[in-house]
Amino acid sequence: MRPILLQGHERSITQIKYNREGDLIFSVAKDTVVNAWYSANGERLGTYNGHTGAVWCVDVDWDTKHVLTGSADNSCRLWDCQTGKQLALLKTSSAVRTCGFDFSGNIIMYSTDKQMGYQCFLHYFDLRDPSQIEDNEPYVKVPCSESKITSAVWGPLGEYVIAGHENGEINQFSAKSGEIIKTVKEHTKQINDIQTSIDLTMVITASKDNTAKLFDSYTLDHIKTFKTERPVNSAAVSPIMDHVVMGGGQEAMEVTTTSTRIGKFEARFFHAAFEEEFGRVKGHFGPINCVAFHPDGKSYSSGGEDGYVRIHYFDPQYFEFEIES
Amino acid sequence: MRDTENMPAEAEFDEDEEPSFSDPEDFVDDVTEEELLGDLLKEKPQEADGIDSVVVVDNVPQVGAERLEKLKNVIHKIFSKFGKITNEFYPEAEGKTKGYIFLEYSCPAHALEAVKNADGYKLDKQHTFRVNIFTDFDKYMNISDEWETPEKQPFKDFGNLRHWLEDADCRDQYSVIFESGERTGIFANDAKEPIVVEERARWTETYVRWSPRGTYLATFHQRGIALWGGEKFKQIQRFSHQGVQLIDFSPCERYLVTFSPLMDTKDDPQAIIIWDVLTGQKKRGFHCESSAHWPIFKWSHDGKFFARMTQDTLSIYETPSMGLLDKKSLKITGIKDFSWSPGDNIIAFWVPEDKDIPARVTLMQLPSRQEIRVRNLFNVVDCKLHWQKNGDYLCVKVDRTPKGTQGMVTNFEIFRMREKQVPVDVVEMKEGIIAFAWEPNGSKFAVLHGESPRINSSFYHVKNNGKIELIKTFDKQQANSIFWSPQGQFLVLAGLRSMNGALAFVDTSDCTMMNIAEHYMASDVEWDPTGRYVVTSVSWWSHKVDNAFWLWTFQGRLLQKNNKDRFCQLLWRPRPPTLLDVEQIKLIKKDLKKYSKIFEQKDRLSQSKASKELVDRRRTMIEEYHAYRENAQKIYQEQRVLRLDLRGGVDTDELDSNVEDWEEETIEFFVNEEIIPLGEQV
């Protein structure tokens, strides 16, 4: 595989996202910078300037018109994708940890952290109603008193948000009323990342308990578990193969006690049906914080603690590889 | 006072008669004595009372008045363990105690406990208590002349304590402590994957130890040690020793030595206790200042003797009496270190230089105390004693500063124990020694020498013709420890901890490197007792991530990687010495080819069974997964209309479902740059 190295951040990457067609990658990091890149050659399209704190999350709508970002500067911002202009600024009382557009691109959600006396809240805004944005009044605001939301994605038809919590729980929050439709608790520690499969029928969760799990989006049935010996920071499902990719690491303070051989931090590939690891890709100098597949499944990207985003195009052997069965 | 003269006269009152206060003659008292005087009656002495709770202790030191208080304290401390002492009597004669005392407990059961546990207790060299129930004297005086068979004690059946040796596939067992000590498991070693035999939470509070022949598993607790064994690992014995920290078994497994820093007092030494394993009885207690060089007591190979070294003294005790051999310790001025031969009852010890007398190493035969060999050494800084596993050889590593030089050199003085008069050969080493190890069951030894980063490994053979041959030296080794296979011939050179787990597997029959590998941050290397497998592990106690144990073949082929949450320690279960004699072993080796064929077939069968199982399992998994995906796809298709609706009629189900809407854009990529200098036109 020949990786393309994207150097545009000075601090660790917090999230990367492809747009629906896959020609663009968006990366955000702790250095307040929001970058957009061409995934074909790694050339930078531009930046979205305005955040004054670490940016935790990013999302782009299906039409690649709008970009949504959430930051530790207590704001969630909406941008025009093409021009880079900031379209809306939603002030919050605490850091915005996760955000996203629903399937239609009309409704946005974001969650805020439990900080400084403020609870964790899940907010819903309808972009078709400008007054909600102007007045900073979400049409539904859901409090989460027990365990804060650490990662969340929209369900298949924009009916609910599937959220992962600090205690390992997964909840479906209705987009109409905000109430919890379903709950499961399969993980024993914090959920670091949730991503959907390309058709939104499944979600994969990455957890601090050293496993990633595959769930059905509708029923939250637990389908598969992928075990490692390190906390998993992020996981993604291949759009075309029965594969999942996982990136992880360990507690920052223990990084120096592992092998410091160059590029030892690896992205690990598992067969989705057999739950067995079949490959690893080295290259990062620090723990991997985020992984994502290109929508066409022919490449994938990873963002690390080292501030680099690496785009890998698969060799032909990857597609022919079969575990004996 | 008022005058009584004017009081009205009372009826029935005669001036001359006193009123009668006695009961009428037919009066029957309805108040019992118990009710009236109950508390007083309780104290009425009963004739038979107390005698059953009295014990007589004989062989008590005879002391004068000035040490009586101290004696009473000691007795009290020892005997109040069995119950509350309500009374004591120290008969005296001519100003000293007579040598026997009477103690009364609050109930007969306590008295019986005292007899059971304190009878035979060795207070010191000259005094071993004899404890009896007072009433027993009567009993013994009146023993009938007829023999009565004593009552049988119920037999505590622990099952077959050697059960694990009967495993049909010859799997060895090992103990694993993980979850930072919360869980302990016993596994049977199978090349495919470990098989759980037993797993318990909080089985031990710190760590575990196997007895030298593998019969027992010892677990540590605040209150003492517990021994477990048999097929189901039932609890076999318990030893109460508050705050126990260290233990040691005698090689024959008959005795257990426990150490606790908490229990020591001047009068009643309890820091080190020696127990009889089978009965659970405390045999003797000892003082101990520090546990720096555990085991403090070193056992002879047959368990007949144990010895310890104190300032200028070597004390040798014999079993089962637990008394000093010949009733006195050996005075050896300046003794620095000693150790038993693992094959014979011979002790080797060394004393440093003393004015004009050179340092020397002495070999002493026990119990005769005959010095069978003495070797003088000059300009000695330090010595270390290394015995070969069977006691065939002793290597004394001597660090010396030769006269006239500044530096320090090291010599290996090799004592050939099996030859007449124990000849000694010397091997000079030019560099500092990092590690030294004898080949078990063989006559080779391996040395790691040099200084990091230039460390070399050398292999020597002690030949029969009096020569010690250097077979081979490897340089630039990443190693700081040597681990021989328990059967000899193979070894692992490991760079543990700071050397990041570098491993080298060597066959010393021709000194070839079979394999070089790495287990990053490995902290321990353990051979199984048969020498077939090696386990390298990263313990949570030394490194907080990647805690796991890896299984290798003796040739260095990696078989398994077992990650265990907060894995701490793995110990192989030792095997007892083989019951086969030399002739039988020869026979088996002759027919080895025949046996190999059978085993290989069995292995191949189980392998193919495993792969067949794996294949079947995989097939089921992928069928189930694809069935699930098909179902999901069906639901997906059914929702197509809803999707189109949400995106304003734009079909986004496939990446190319909207080709008509695509714009074609040409982007230029920077591919290459070539600079051609414009020169003279040709």
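Above: the structure in question.
Residues numbered from 1 in each chain as written. Chains lettered and ligands numbered in written order. Predicted model: local features only at pLDDT ≥ 70, side-chain atom pairs only at ≥ 80, totals over all residues. Heavy atoms only, no water.

Engineer: When you look at the overall build of chain B in this model, what are you seeing that I'm missing?
Structural biologist: A tally of helices and strands in chain B yields 7 helices and 43 strands. Looking at chain B residue by residue over its 682 residues, the buried ones come to 42%. Taking as baseline every contact in chain B between residues at least 6 positions apart, the subset at least 24 positions apart corresponds to 44%. Accessible area of chain B: about 41,800 Å², with a carbon and sulfur share of 50%. (Helix = DSSP H or I, 4+ residues; strand = E, 2+ residues; numbered from the N terminus. Buried < 20%, exposed > 50% of the residue type's maximum accessible area, 1.4 Å probe, protein only. Contact = heavy atoms within 4.5 Å. Areas by Shrake-Rupley, 256 points an atom, 1.4 Å probe, with all protein chains shown as cover.)

Engineer: What exactly am I supposed to notice about empty space enclosed by the protein here?
Structural biologist: To find leftover empty space, a probe the size of one water molecule is rolled over the atoms. All names here are of chain A. Tallying each qualifying case throughout the model produces 2 cavities of 30 Å³ or more. The computed volume of the largest cavity comes to approximately 40 Å³. Each residue belonging to the lining of the largest cavity can be placed in one class, and the counts come to 6 nonpolar, 1 polar and 2 charged. What the second largest cavity holds in volume is close to 30 Å³. Residue lining of the second largest cavity: Phe265, Ala267, Val281, Lys282, Gly283, His284, Ile288, Tyr300, Ser302, Arg310 and His312, and that is the complete set. Mapped onto the lining of the second largest cavity, the elements with two or more residues apiece are β24 (265–271), β25 (277–284), β27 (299–304) and β28 (308–313). Top contributing element to the lining of the second largest cavity by residue count: β25, with 4 residues. Counted by class, the lining of the second largest cavity contains 5 nonpolar, 4 polar and 2 charged residues. (1 Å grid on protein atoms, 1.4 Å probe; cavity = no way out; pocket = protein on both sides within 12 Å on 5 of 7 lines; lining within 4 Å. Points joined across faces, edges and corners; volume = space filled by probe spheres on them. Nonpolar A, V, L, I, M, F, W, Y, C, P; charged D, E, K, R; others polar.)

Engineer: How do you make sense of the interface of chain A and chain B when you look at a structure like this?
Structural biologist: Interface extent is often summarised as the accessible area lost during association of the parts. Contact with chain A, which involves 36 residues of that partner, is made by 30 residues of chain B. Both faces considered, chain A and chain B share a buried interface measuring about 3,200 Å² in area, 61% of it formed by carbon and sulfur atoms. Of all residues in chain A, Trp62, Phe103 and Leu157 of chain A give up the largest surface area on contact with chain B, accounting jointly for 19% of the area buried on that side. For the pair chain A and chain B, the number of links is 3 salt bridges. Across the salt bridge formed by Arg230 of chain A and Asp546 of chain B, the nearest N and O atoms sit 2.9 Å from each other. Our count for the contact surface shared by chain A and chain B stands at 9 residue pairs in polar contact (both at pLDDT 80 or more). Elements supplying a minimum of two residues to the side of chain A that touches chain B: β20 (211–216) and β21 (222–227) of chain A. For the side of chain A that touches chain B, the per-class residue count stands at 13 nonpolar, 9 polar and 14 charged. (Buried area = accessible area lost by both parts, 1.4 Å probe. Salt bridge = Lys/Arg side-chain N within 4 Å of Asp/Glu carboxyl O. Polar contact = N/O pair within 3.5 Å; in protein donor to acceptor, adjacent residues only side chain to side chain.)

Engineer: Sorry, what's going on with the pairing of strand β37 (residues 502–507) of chain B here?
Structural biologist: Consecutive side chains along a regular strand alternate between the two faces of the sheet. Residues and elements named next belong to chain B. In terms of residue burial, β37 counts as a mostly covered element, since 6 of its 6 residues are buried. The two faces of β37 match: Ala502, Ala504 and Val506 on one face and Leu503, Phe505 and Asp507 on the other face are all buried. Sheet topology note: the strand β36 (residues 490–495)/β37 ladder contains 6 bridges and is antiparallel. Directly across from Phe490, in β37, lies its bridge partner Asp507. Counted between consecutive antiparallel strands, the loop separating β36 from β37 contains 6 residues, among which Arg497 sits at a positive phi close to 55°. Bridge analysis of β37 against strand β38 (residues 512–518) gives 6 bridges, and the strand direction is antiparallel. (Pairing = 2+ DSSP bridges.)

Engineer: Got a minute to help me understand the pattern of salt bridges in this structure?
Structural biologist: Close approach of charged atoms allows side chains with opposite charge to pair. Residues and elements named next belong to chain B. A complete count under the given rule lists 42 salt bridges over all chains for this structure. Linking Lys192 and Asp190 is a salt bridge whose minimum nitrogen-to-oxygen distance equals 3.7 Å. A relative accessible area of 15% places Asp190 in the buried class. When the shortest N-O distance is used, the salt bridge between Arg416 and Glu419 registers 3.3 Å. Beyond isolated ion pairs, a larger network of salt bridges with shared partners links Asp167, Asp169, Arg171, Asp190, Lys192 and Lys602.

Engineer: How do you make sense of the sheet that holds strand β1 (residues 54–58) of chain B when you look at a structure like this?
Structural biologist: Within a sheet, adjacent strands bond to each other through the backbone by hydrogen bonds, running parallel or antiparallel. All names here are of chain B. If you trace the 4 strands from one edge of the open sheet to the other, you get β2-β5-β1-β6, paired in antiparallel fashion. Only two strands of the sheet have a single neighbouring strand rather than two, namely β2 (85–89) and β6 (130–133). Strand-to-strand twist across the sheet, computed as the mean angle between neighbouring axes with direction ignored, equals 25°. Inspection of the sheet shows β2 paired to strand β5 (residues 100–105) by 4 bridges, in the antiparallel sense. If you follow Glu88 over to β5, its bridge partner there is Leu103. Against the sheet, helix α3 (residues 108–118) contacts β1, β5 and β6, and its axis sits at roughly 155° relative to β6. (Axes fitted to C-alpha atoms, helices over the stretch in contact; angles between N-to-C directions.)

Engineer: Help me understand the side chain of His519 of chain B, please; the structure alone is not making it clear to me.
Structural biologist: Residues and elements named next belong to chain B. Mapped onto the elements of the fold, His519 is located in the loop between β38 and β39 (524–527). Of note is the side chain of His519, whose polar atom sits 2.7 Å from the side chain of Thr536. Among residues more than four places away in sequence, those in contact with His519 are Asn500, Gly501, Leu503, Thr536, Ser537, Val538, Ala548, Trp550 and Trp552.

Engineer: Honestly, helix α6 (residues 592–638) of chain B in this entry has me stumped. Any pointers?
Structural biologist: When the terminal C-alpha atoms of α6 of chain B are compared, their 68 Å separation across 47 residues agrees well with the 69 Å that a helix rising 1.5 Å per residue should span. What α6 of chain B keeps buried is the set Ala610, Arg618, Met621, Ile622, Tyr625, Tyr628, Arg629, Ala632 and Tyr636 of chain B. Buried residues along α6 of chain B sit in contact with β19 (202–207), β20, β21 and β24 of chain A together with α7 (640–646) of chain B. (Expected span 1.5 Å × (residues − 1).)

Engineer: Can you walk me through the packing of aromatic side chains in this structure?
Structural biologist: Under the definition given, this model contains 54 aromatic pairs over all chains. Taking the centre distance of 4.6 Å and the plane angle of 55° together, the rings of Phe286 of chain B and Phe297 of chain B count as tilted. Within this pair, whereas Phe286 of chain B is found in strand β17 (residues 282–286), its partner Phe297 of chain B is found in the loop between β17 and β18 (298–299), the two being separated by 11 residues in sequence. Comparing Phe286 of chain B with Phe297 of chain B, the two get one shared label, buried. Here the aromatic rings of Trp550 of chain B and Trp552 of chain B are separated by 6.2 Å at their centres, their planes lie at 45°, and the arrangement is tilted. For Trp552 of chain B, a relative accessible area of 2% corresponds to the buried category. These aromatic residues form a ring-pair network of at least three members: Phe269, Phe278, Phe293, Tyr300, Phe314, Tyr318 and Phe319 of chain A. When the ring centre of Trp203 of chain B is taken as origin, the NZ or CZ atom of Arg200 of chain B, which lies over that ring, is 4.2 Å away. (Phe/Tyr/Trp six-rings, centres within 6.5 Å; stacked < 30°, edge-to-face > 60°. Lys NZ or Arg CZ within 6 Å of the ring centre and 35° of its normal.)

Engineer: Help me out: how do you make sense of the side chain of Ser250 of chain B in this one?
Structural biologist: Among the secondary structure elements, Ser250 of chain B is positioned in the loop between β14 (246–249) and β15 (255–259). Within polar-contact distance, the side chain of Ser250 of chain B engages the backbone nitrogen of Arg254 of chain B at 3.2 Å.

Engineer: What exactly am I supposed to notice about a negative patch on the surface here?
Structural biologist: Taken together, the side chains of Asp23, Asp29, Asp30, Glu33 and Glu35 of chain B present a region of like negative charge at the surface. Mapped onto the fold, Glu35 of chain B is located in helix α1 (residues 33–42). (Patch = residues over 30% accessible without salt bridge, like charges linked within 9 Å, V, L, I, M, F, W, Y side chains within 5 Å. Lys, Arg positive; Asp, Glu negative; His and termini not counted. Charge placed at Lys NZ, Arg CZ, Asp CG, Glu CD.)

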